[in-house]
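Here is what each chain is made of, one letter per residue.
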Amino acid sequence: MATRKLGLLPIIVLTASLACLHAGALPHDSSYDYVIVGGGTSGLVLANRFSEDRKVTVLVVEYGDFENTWDTALPYNANFNHPAVMFNITSAPQAGLGNRTSTVPAGAVVGGGSAVNGMTFDRGSRADYDAWEELGNPGWGWESLFPYFKKSETLSPPPQAYQEAYNFTWEPHDYGYGPVQAGFPRWQWPNTPMSRAAYLDAGIPWRDDGGADGNNVGLAWIPENIDPNNVTRSYSRTAYYNPAASRSNLRLLTNSYVSTIILERGTAKGVNIVSRQTGELSIARAKEEVILAAGSIHTPQILQLSGIGPEPALRSLGIKPNENLPGVGANFQDHPTTRMSVNYTSQLPVNPTILSNATYYAAAWAEYLANRTGPLTQAHGQLIAFLSLQQLTPDYQTIAASLIAQNATAYLPAIYSAEPSLLAGFLAQRAILASRFNAPNAAVLESLHTNGVLQPAYALQKPVSRGTVLVKSTSPNPQDAAPVVDWHTLSNPTDVELAILAFRFSRRILSAPSLAPLGPVETVPGPGVTSDADIEAALRLNIMVPSFAHPCCTAAMMPRELGGVVDSQLRVYGVDKLRVVDASIMPLIPATHLQETVYAVAEKAADIIKASRVFGDSASSTEPL
């Protein structure tokens, strides 16, 4: 996403009444039942659910602060970056992308990624989550997760007039009555129906259910996480923290970070905390458990600095190993993304580019303030297609077979050759990916035309390449000493093959009869790029980026012998009283934007942890408590 021009919109404080509650310095040494590291998407879910029991004390430690401006609250602003409330981390040069570097997406704010994401609110298919269960995680398939999707969210239909005007469709039974609000904007650009027709021209089926019922393959209206009352972003802070902020047993410590976990004889006893404002050090002890919810970049950093991770890498930095877990920081995945540039020679007079006109923008802003309607109620756009490999090529079985025939270590980071468990885990994942390549109900590609017809983009949904997130020093500062983030994008040739197929599909959409009246002309990489070799070169040179802001999988939930970091109860192997609850526990990235899945994971985790407090570690959760 581009960076928003602040001059286009006044920065207006929405609310400040809750901003200082439970913030401030801790005593040098304090204790709580649960210490949650990270006040982001998942951490605030846990804080809310644990503190429902007023006898349970909870501390959340968050690097960032409260964000109370229109910069993140206004749905339209989801089209832009938010550098003031995000970490400024640059990736390692990507060998598969001409040694280009990329910004690493990570929210540094109360609410984490849910405060700064693109506001697309969807979930993957049954095939995505059943894959987690197939990797040795009982209770984590679609049937077990579906109730937790519903527990976390409420879908509020727009007024009837908008339903009829834009033909919004969904299935009410796929949604529940949870804290996060979802819905559809009170606006669509006039050229959106032409984009929808172009996908139908290409033979992509329409999904009346929005893809929320366990099969998202097809074209659908996808909700955005939007509060129906004030038409602003609904996210972890507004949905989970604000309703619980006045609880005396919940404390949120902002502008602070955890340097290391305190370990005593293999048990997590608490955390060491650093104040960003004063540099003061303090200790928070956990009577029950420490729970890492710092995200897929910083959760592995904290584990590694605490001596939990790949032993050789830790020793090379002088870190004393406490538990040799090679999977910490391995298995890194995201949705690598390509954006083409297109000029529409006969664009409709009212289209998204008109928002760069100051007069039009001022009118849209006035309409939003007065009525909560108009173009500023729309985030990225809701018309999204998820496609199976069968929809991209008749040679899908050949691609699946060639993947299985690969010499895996030839395309994996070096640590996979050194650690047999990591290789075993990848091979198990590879077998599942190959089966999904052959399945009609498992998406390998997301294709979207942002905000109606604009610039086509696509994201690979089942990448085979694997990256790493590894600390580079013993400094714990999550910004100044951030770990080395290496996606290893396009290191596996199957990803290249999928990306070329996706590129050709985007051209099919652009050439659809329904778009002909707009006169689309591809400008980047340009119509002269036609051969597979030329397309690959363009991908590597400038049109593919490694991330769709969906980093995950760096503390994977898998058996330890497969390189897993946590078990199906989210307990870190070899360390008592320590769990991980964030996107890093996903063993395979699902074909979806990740926020709704993270909410479901966190809701399920909260039930697992509460049950273990009452019934012991043998307790599990398949239905919401």
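Residues numbered from 1 in each chain as written. Predicted model: local features only at pLDDT ≥ 70, side-chain atom pairs only at ≥ 80, totals over all residues. Heavy atoms only, no water.

Trainee: An account of the overall build of the chain is needed here, citing residue identities and associated values.
Mentor: Assigned secondary structure in the chain consists of 17 helices and 23 strands. Scaling as 2.2 N^0.38, a compact globule of 625 residues should have a C-alpha radius of gyration of about 25 Å, and the chain matches this with 23 Å. For the chain, the C-alpha atoms occupy an extent of roughly 70 × 60 × 40 Å along the three principal directions. Looking at the chain residue by residue over its 625 residues, the buried ones come to 64%. Contacts in the chain between residues far apart in sequence, at least 24 positions, make up 76% of those at least 6 positions apart. As presented, the chain carries roughly 21200 Å² of accessible surface, and 54% of it is formed by carbon and sulfur atoms. Computing the positive centroid from 42 side-chain charges and the negative centroid from 52, the chain places the two 4 Å apart. (Helix = DSSP H or I, 4+ residues; strand = E, 2+ residues; numbered from the N terminus. Rg over C-alpha atoms; globule rule 2.2 N^0.38 Å. Buried < 20%, exposed > 50% of the residue type's maximum accessible area, 1.4 Å probe, protein only. Contact = heavy atoms within 4.5 Å. Areas by Shrake-Rupley, 256 points an atom, 1.4 Å probe, with all protein chains shown as cover. Lys, Arg positive; Asp, Glu negative; His and termini not counted. Charge placed at Lys NZ, Arg CZ, Asp CG, Glu CD.)

Trainee: Account for unusual backbone geometry, with residues named and values stated.
Mentor: For the peptide bond that leads from Val524 to Pro525, omega is 5 degrees, which places it in the cis range. As for its placement among the helices and strands, Pro525 is situated in the loop between β21 (520–524) and α16 (532–543). Unusually for a residue other than glycine, Asn99 sits at a positive phi of about 60 degrees. Relative to the assigned elements, Asn99 resides in the loop between β4 (80–81) and α3 (113–116).

Trainee: Which residues make up the nonpolar core, and what are the values?
Mentor: In a soluble, globular protein the nonpolar side chains are often hidden away together inside. Among the nonpolar cores identified, the biggest contains 153 residues, and Phe50 and Leu578 are the most heavily contacted of them. With 10 residues, the top contributor of residues to this core is helix α15 (residues 493–510). In this view, Leu578 contacts Ile261, Ala268, Val290, Leu292, Leu303, Ile308, Leu570, Arg571 and Val572; residues no more than four positions away in its chain are not counted. In this structure, Ala78, Trp189, Val231 and Tyr361 belong to the second largest nonpolar core, which totals 18 residues. (Core = buried A, V, L, I, M, F, W, Y, C linked by side-chain atoms within 4.5 Å.)

Trainee: Run through the packing of helix α12 (residues 396–404) against helix α14 (residues 420–437), naming residues and quoting values.
Mentor: Following both chains from N to C, one finds α12 and α14 inclined at 175 degrees, their axes separated by 8 Å at the closest point. Considering their axes alone, α12 and α14 lie roughly antiparallel with respect to each other. In this structure, α12 contributes Tyr396, Ile399, Ala400, Leu403 and Ile404 to the contact, and α14 contributes Arg430, Ala431, Leu433, Ala434 and Phe437. Looking at side-chain class alone, the contact of α12 with α14 contains nine nonpolar, no polar and one charged residues. (Axes fitted to C-alpha atoms, helices over the stretch in contact; angles between N-to-C directions. Parallel < 35°, antiparallel > 145°, perpendicular 65-115°, else oblique. Nonpolar A, V, L, I, M, F, W, Y, C, P; charged D, E, K, R; others polar.)

Trainee: A description of the pattern of salt bridges should follow, citing residues and the corresponding values.
Mentor: Across all of its chains, the model carries 23 salt bridges by this definition. Linking Arg285 and Asp29 is a salt bridge whose minimum nitrogen-to-oxygen distance equals 3.1 Å. Note that Arg285 is positioned in strand β11 (residues 281–292) and Asp29 in strand β2 (residues 29–37), a separation of 256 residues in sequence. Taking the relative accessible area as the measure of exposure, Arg285 reaches 30% and is therefore partly exposed. Salt-bridge contacts for Glu153 lead to Arg123; the nearest nitrogen and oxygen are separated by 2.3 Å. Here Arg123 lies in the loop between α3 and α4 (126–134) and Glu153 lies in strand β5 (residues 153–156), a separation of 30 residues in the sequence. Taken as a pair, Glu153 and Arg123 share a single burial class, namely buried. (Salt bridge = Lys/Arg side-chain N within 4 Å of Asp/Glu carboxyl O.)

Trainee: Describe the packing of aromatic side chains, listing the residues and the values that go with them.
Mentor: For the structure shown, the criterion picks out 25 aromatic pairs. Note on Tyr199 and Phe505: the rings are 6.3 Å apart at their centroids and 40 degrees apart in plane angle, and the pair reads as tilted. You can see Tyr199 sitting in helix α7 (residues 192–201) and its partner Phe505 sitting in helix α15, a full 306 residues away along the chain. Residues Tyr240 and Tyr599 carry aromatic rings whose centres are separated by 6.0 Å and whose planes lie at 25 degrees to one another, so their mutual orientation is stacked. (Phe/Tyr/Trp six-rings, centres within 6.5 Å; stacked < 30°, edge-to-face > 60°.)

Trainee: An account of helix α5 (residues 142–152) is needed here, citing residue identities and associated values.
Mentor: Counting buried positions along α5 gives nine out of 11 residues, so the element sits mostly inside the fold. Considered for burial, the residues of α5 that qualify are Trp142, Ser144, Leu145, Phe146, Pro147, Tyr148, Phe149, Lys151 and Ser152. Against α1 (41–51), α4, β5, β6 (180–183), α8 (236–241) and α17 (595–615) lie the buried residues of α5.

Trainee: Any details on helix α11 (residues 358–371)? Residues and values, ideally.
Mentor: With 14 residues, α11 should reach 20 Å at 1.5 Å per residue; the first-to-last C-alpha distance of 20 Å fits that figure. What α11 keeps buried is the set Tyr361, Ala364, Trp365 and Tyr368. End-on view of α11: buried residues confined to an arc of 100 degrees, all on one side of the axis. In α11, the exposed residues that point more than 90 degrees away from the buried face are Thr359 and Ala370. Elements that come into contact with the buried residues of α11 comprise α2 (70–73). Its side-chain oxygen 2.9 Å from the backbone nitrogen of Thr359, Asn357 forms the N-cap of α11. One or two positions beyond α11, positive phi appears at Arg372, with a value near 55 degrees. (Expected span 1.5 Å × (residues − 1). Arc of directions from axis to C-beta. Polar contact = N/O pair within 3.5 Å; in protein donor to acceptor, adjacent residues only side chain to side chain.)

Trainee: Describe the environment of Gln181, listing the residues and the values that go with them.
Mentor: Structurally, the position occupied by Gln181 is in strand β6. The class for Gln181 is buried, based on a relative accessible area of 17%. Between the C-alpha atom of Gln181 and that of Tyr235, which follows or precedes it by 54 residues, the distance is 8.0 Å. In this structure, Gln181 is in contact with Thr154, Ser156, Glu224, Asn225, Ile226, Asp227, Pro228 and Ser234, ignoring residues within four places of it in sequence.

Trainee: Could you give me a rundown of the pairing of strand β10 (residues 267–275), with the residues and numbers involved?
Mentor: For β10, a buried count of seven out of nine residues is recorded, marking the element as mostly surrounded by other parts of the structure. With five bridges connecting them, β10 and β11 associate as antiparallel partners. Its bridge partner being in β11, Gly270 is matched across the sheet by Arg285. Connecting the antiparallel pair β10 and β11 is a turn made up of five residues, with Gly279 showing a positive phi of about 80 degrees. (Pairing = 2+ DSSP bridges.)

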